[in-house]
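Notes for the structure review
As a plain string of letters, each chain reads:
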Amino acid sequence: MTGGRYVHNVLAIARRELKGYFTTPIAYVFLAIFVALAGVFTFYVGQFFDRGVADLEPFFQYHLWLYLLLVPAIAMRLWAEDWRSGTIELLMTLPVSTAEAVIGKWLAGWAFLGLALLGTLPIWITVNILGEPDNRVIAAGYLGSFLIAGGFLAIGAAMSAASRNQVIGFVLGALVCFLFVMSGTNLVLGSLQGWAPEVLTAAVASLSALTHFSNMTRGLIGAADLIYVASLIVFWLFVNAVIIELGRAE
């Protein structure tokens, strides 16, 4: 199969899935909830006005915790519904490979999450009206948020593929994402220090989405951060494809 045909199939599936999000009011409700919660965490929970600093630190500070619930909620329908309704058999009769279907579905979810992030742009505009923020740092934070969302979505998609039930897929996705966040906290690292080899502690810390996202929101997007996100996405999409192949073989 040529590269052009491969891309065509991936994009065709992505368009079909993205269109499917907007056939029900759920997509609009999700977007509204995400934007509303982002505003609440930025201006009220994050005490934006009391801090007297024109930046979006409170906005990004709570992003990963928002994603723990919202990204698995988007991912849970990617495969679980197809398994439940049997439409996965119809999908696989189309002239597309498993890899194309996996990437296409994931791209649709990632694009949807991108739209959700775009919905928060008024918050960025508001900060510029109120002060003079470092827009390069904010832009890096947005990019980092988008990349991490893609990583979490790949995890959620794999968990959705592993379940015939959307709720179970959501719980599994949220749990695995939670582990990737918590691995960089003092709670986990502190419990390892004193008995675990230093290399193990460093390895656990390197798995943390929290550590890499913190770098990105400070405008410090390094090669290690990009490799981390790329590895997260590629690995979990591979797991997703393996689960689909095993499910079809049963």
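Our subject is the structure that appears above.
**Considerations on the nonpolar core**
Judged by nonpolar contacts, the single largest core of 68 residues is most densely connected at L56, W79, F152, L153, I155 and W236. Top element by residues in this core is helix 9 (residues 135-161). It accounts for 13 residues. Setting aside anything within four residues of it in sequence, one finds F152 in contact with L64, Y67, L68, V71, C177, V181 and A209.

**Looking at the packing of aromatic side chains**
Going through the model one piece at a time under the given rule, you end up with 16 aromatic pairs. Pairing Y21 with F112 gives two aromatic rings, centres 4.9 Å apart and planes at 20 degrees, and the pair type is stacked. One end of the pair, Y21, is in helix 1 (residues 3-21); the other, F112, is in helix 7 (residues 98-118), with 91 residues separating them in the sequence. Residue classification places Y21 among the buried residues on the basis of a relative accessible area of 5%. Ring pairing ties together the aromatic residues Y21, F22, Y28, F30, F34, Y67 and F112, which thus form one cluster. When the ring centre of Y21 is taken as reference, the NZ or CZ atom of R77 above it lies at 4.8 Å. The residue whose ring lies beneath K105 is W79, and the NZ or CZ to ring-centre distance is 4.7 Å.

**Remarks on the side chain of T98**
Topologically, T98 is positioned in helix 7. On the basis of relative accessibility, which here comes to 6%, the residue T98 falls in the buried class. Each residue touching T98, except ones within four places of it in the same chain, is listed here: M92, A241, I244, E245 and R248.

**Observations concerning the pattern of salt bridges**
The final tally for this structure, using the stated rule, is four salt bridges. With a closest N to O distance of 2.7 Å, E17 and R16 form a salt bridge. Between R136 and D134 there is a salt bridge; the shortest N-O distance is 3.7 Å. On the basis of relative accessible area, D134 is assigned to the partly exposed category, the value being 37%. Among the ionic contacts, a cluster of salt bridges with common partners joins R16, E17, R77 and K105.

**Overview of a nonpolar patch on the surface**
A surface patch of nonpolar side chains, about 470 Å² in accessible area, is lined by F49, I125, I129 and L130. Considering every element that reaches the nonpolar patch, the biggest residue donor is helix 8 (residues 121-130), with three residues. For I125, the position within the fold is in helix 8.

**Some thoughts on helix 2 (residues 26-45)**
Of the residues making up helix 2, those classed as buried are A27, F30, L31, F34, A38, G39, T42 and F43. An end-on view of helix 2 places all buried positions within 165 degrees of arc, on one side of the element. The outward face of helix 2, more than 90 degrees from its buried face, is lined by the exposed residues I26 and Y44. Those residues of helix 2 hidden inside the fold are in contact with helix 1, helix 3 (48-51), helix 4 (57-61), helix 5 (63-85), helix 7 and helix 8. Following helix 2 by one or two positions, Q47 has its phi on the positive side, about 50 degrees.

Procedures and definitions
Residues numbered from 1 in each chain as written. Predicted model: local features only at pLDDT ≥ 70, side-chain atom pairs only at ≥ 80, totals over all residues. Heavy atoms only, no water. Core = buried A, V, L, I, M, F, W, Y, C linked by side-chain atoms within 4.5 Å. Buried < 20%, exposed > 50% of the residue type's maximum accessible area, 1.4 Å probe, protein only. Helix = DSSP H or I, 4+ residues; strand = E, 2+ residues; numbered from the N terminus. Contact = heavy atoms within 4.5 Å. Phe/Tyr/Trp six-rings, centres within 6.5 Å; stacked < 30°, edge-to-face > 60°. Lys NZ or Arg CZ within 6 Å of the ring centre and 35° of its normal. Salt bridge = Lys/Arg side-chain N within 4 Å of Asp/Glu carboxyl O. Patch = residues over 30% accessible without salt bridge, like charges linked within 9 Å, V, L, I, M, F, W, Y side chains within 5 Å. Areas by Shrake-Rupley, 256 points an atom, 1.4 Å probe, with all protein chains shown as cover. Arc of directions from axis to C-beta.

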